Amino acid sequence: MTELHLPVSLNRTIELLAPSIEGKEHPVVVDGTLGLAGHSLALLERFPHLTIIGIDRDSEAIEHASKRLSSYSSRVRIYHDTYDNLRGILGNFGTEYVDGILLDLGVSSLQLDSDDRGFSYSRESALDMRMNRSRGLTAAEVLATYSESDLSRILREFGEERFAKKIAQAIVAERELSPITSSNRLVELIKQVIPAPARRLGGNPAKRTFQALRIEVNGELSILERALPIALERLAVGGRMVVLSFQSLEDKIVKRAFVEATAKRTPRGLPVDLPGMESKFALVFNGSEKASESEILINPRATSVRIRAIERVAA
Ligand SMILES: C[S@@+](CC[C@H](N)C(=O)[O-])C[C@H]1O[C@@H](n2cnc3c(N)ncnc32)[C@H](O)[C@@H]1O
């Protein structure tokens, strides 16, 4: 499993973080989505003086990453937590500011390829979808307990699903017969509901419903929204944050947070920046970047990545 996993946009991520690491005596980078530690391992190999604070909410990921990073254990601290708890984690680690922060959002191949976690619409599995299996409702429990209007809302908002209402109606009718607990049963149900012409377009028709359920089960967007200002506040001057997003909802949140952080604080209409009112942050490049065609060829997961990067330029 570990060997099969190719970290997305690895070289570009290292290149973007390098200026915030090189030239520092004891640089510290937070990998807020440690996963199988592909990015962290490469960073530790490339920068012999770097310390990584690795965070993941998934205990299986923590186990794999810990093994994979064992030869670097003196330069790694791993936390089983969500990345929005950065203040608490940095307090525990004993630092206020860090030189780099990486978020590689979404699901890991460990989660996606697992036969009992329910993240994938293309393999039969119990509908769990919790990244932290000790907390919160499973996807099957969401399907069993949410009202039709709440189901419709999450499918529309988190899945951008045109047929949200129809799918929600079908889920409520189907669960009257028996609980919907398996991925295949949910996929079949969605296929029956989505009209044939729409089914032929846009990939697997269950993709958007699975995305919506995963986001709901894990509170993914609210955590991201809460975490970004905290992360930016904890970047040292010269420090950089790099975010890899895999769907437009999370990329929009990142874009908004970065635009707000880089906006000048001088009141509009004044011809010059007032002292102390300049922005503390600058975009490393405008907008977002995609993976190269050559990367997508060897790693299809890179197809949807959008990379954004920001630097702290003033205290
Ligand atoms: C795409 S994978 C990261 C892969 C990693 N960069 C690598 O190279 O192996 C995303 C990981 O982030 C974790 N994750 C997602 N949301 C999280 C959150 N809010 N807090 C902590 N970890 C999170 C998931 O459990 C998953 O292991």
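No experiment lies behind these values; they were computed from the predicted model shown.

## Observations regarding unusual backbone geometry
Look at serine 9: it is not a glycine, yet its phi comes out positive at around 45 degrees. Residue placement: serine 9 occurs in the segment before helix H1 (10-21). Classification of serine 9 by relative accessible area gives buried; the value is 3%. Here alanine 37, not a glycine, exhibits a phi torsion of approximately 65 degrees, which is positive. Mapped onto the secondary structure, alanine 37 falls in the loop between strand S1 (28-31) and helix H2 (38-46).

## Some words on the sheet that holds S1
With mixed pairing, the seven strands of this open sheet are ordered in space as S3-S2-S1-S4-S5-S7-S6. Either end of the sheet is taken by a strand with one partner, and the two such strands are strand S3 (76-80) and strand S6 (281-283). The average angle at which neighbouring strand axes cross in this sheet is 15 degrees, direction not considered. Summarising the sheet, strand S5 (residues 235-245) and strand S7 (residues 306-312) pair through six bridges and their orientation is antiparallel. Pairing of methionine 241 across the sheet is with isoleucine 310, part of S7.

## Some points on the nonpolar core
Counting 67 residues, the largest nonpolar core has Leu127, Leu186 and Met241 as its most contacted members. Per-element accounting of this core gives the leading share, eight residues, to helix H12 (residues 220-233). Both domains that furnish three or more residues to this core are identified here as domain 1 (10-104 + 220-312) and domain 2 (118-218). Dropping the residues within four chain positions of it, leucine 186 is found in contact with Leu127, Leu143, Ile171, Ile180, Thr209, Phe210 and Leu213.

## Looking at the site of the ligand
Near the ligand you find 26 residues, and of these His5, His39, Asp56, Asp104 and Gln111 are the closest. Between histidine 5 and the ligand, the recorded distance is 2.9 Å, taken from a side-chain N or O atom to an oxygen atom. Leucine 36 has a polar backbone atom sitting 2.9 Å from an oxygen atom of the ligand. Look at the ligand: alone it shows 600 Å² of surface, and the protein chains cover 98% of it. Here the residues of the shell around the ligand are counted per class, giving ten nonpolar, ten polar and six charged.

## Side note on the packing of H1 against H2
In the contact formed by H1 and H2, the axes pass within 11 Å of each other and the chain directions differ by 50 degrees. Comparing the axis directions of H1 and H2 gives the class oblique. The way H1 lies across H2 gives a crossing that is right-handed. Counting all contacts with H1, which are made through Leu10, Thr13, Ile14, Leu17 and Ile21, the residues of H2 involved are Gly38, His39, Ala42, Leu43 and Arg46. Considered class by class, the residues forming the contact of H1 with H2 number six nonpolar, three polar and one charged.

## Topic: the environment of leucine 102
Mapping leucine 102 onto the fold places it in strand S4 (residues 98-104). Residue leucine 102 is classed as buried on the basis of its relative accessible area, which comes to 1%. Taking the C-alpha atoms as reference points, leucine 102 and isoleucine 52, separated by 50 residues in sequence, lie 10 Å from one another. With sequence-adjacent residues up to four places away left out, leucine 102 is seen in contact with Thr13, Leu17, Val30, Asp31, Gly32, Thr33, His39 and Val242.

## Remarks on helix H13 (residues 248-262)
Along its 15 residues, H13 runs 21 Å from first to last C-alpha, staying within 8% of the 21 Å computed at 1.5 Å per residue. Buried within H13 we find Leu249, Glu250, Asp251, Ile253, Val254, Ala257, Phe258 and Ala261. Considering only its buried residues, H13 is in contact with helix H7 (148-159), helix H11 (207-218), H12, S5, S6 and S7. Its side-chain oxygen 3.0 Å from the backbone nitrogen of leucine 249, glutamine 247 forms the N-cap of H13.

## Thoughts on the packing of aromatic side chains
Counting across every chain of the model gives one aromatic pair. When the ring of tyrosine 121 is compared with that of phenylalanine 210, the centres are 5.9 Å apart and the planes differ by 85 degrees; the resulting orientation is edge-to-face. Placement of the pair is tyrosine 121 in the loop between helix H5 (109-112) and helix H6 (139-145) and phenylalanine 210 in helix H11, with a sequence separation of 89 residues. When its relative accessible area of 27% is taken as the criterion, tyrosine 121 is described as partly exposed. Classification of phenylalanine 210 by relative accessible area gives buried; the value is 3%.

## Digging into the domain arrangement of the protein chain
For the protein chain, the assigned domains are domain 1 (10-104 + 220-312) and domain 2 (118-218). The C-alpha-based centres of domain 1 and domain 2 are spaced at 31 Å. Listed as interface residues are eleven residues of domain 1 and, on the opposing side, ten residues of domain 2. Summing both partners gives a buried area of about 950 Å² for domain 1 against domain 2, and 43% of it is carried by carbon and sulfur. When the buried surface of domain 1 facing domain 2 is broken down by residue, Arg57, Glu220 and Leu249 rank first, second and third, together holding 57% of it. Linking domain 1 with domain 2 are two salt bridges, by the criterion used here. The partner of glutamate 60 in a salt bridge is arginine 133, and the shortest N-O contact between them spans 2.7 Å. In this assembly, domain 1 and domain 2 are joined by six residue pairs in polar contact (both at pLDDT 80 or more). Within the side of domain 1 that touches domain 2, the residues separate by chemical class into three nonpolar, three polar and five charged.

Cut-offs applied
- Residues numbered from 1 in each chain as written.
- Predicted model: local features only at pLDDT ≥ 70, side-chain atom pairs only at ≥ 80, totals over all residues.
- Heavy atoms only, no water.
- Helix = DSSP H or I, 4+ residues; strand = E, 2+ residues; numbered from the N terminus.
- Buried < 20%, exposed > 50% of the residue type's maximum accessible area, 1.4 Å probe, protein only.
- Pairing = 2+ DSSP bridges.
- Axes fitted to C-alpha atoms, helices over the stretch in contact; angles between N-to-C directions.
- Core = buried A, V, L, I, M, F, W, Y, C linked by side-chain atoms within 4.5 Å.
- Domains from an automatic or database assignment.
- Contact = heavy atoms within 4.5 Å.
- Near = heavy atom within 4 Å.
- Polar contact = N/O pair within 3.5 Å; in protein donor to acceptor, adjacent residues only side chain to side chain.
- Areas by Shrake-Rupley, 256 points an atom, 1.4 Å probe, with all protein chains shown as cover.
- Nonpolar A, V, L, I, M, F, W, Y, C, P; charged D, E, K, R; others polar.
- Parallel < 35°, antiparallel > 145°, perpendicular 65-115°, else oblique.
- Left-handed = near helix turned anticlockwise from the far one by under 90°.
- Expected span 1.5 Å × (residues − 1).
- Phe/Tyr/Trp six-rings, centres within 6.5 Å; stacked < 30°, edge-to-face > 60°.
- Buried area = accessible area lost by both parts, 1.4 Å probe.
- Salt bridge = Lys/Arg side-chain N within 4 Å of Asp/Glu carboxyl O.

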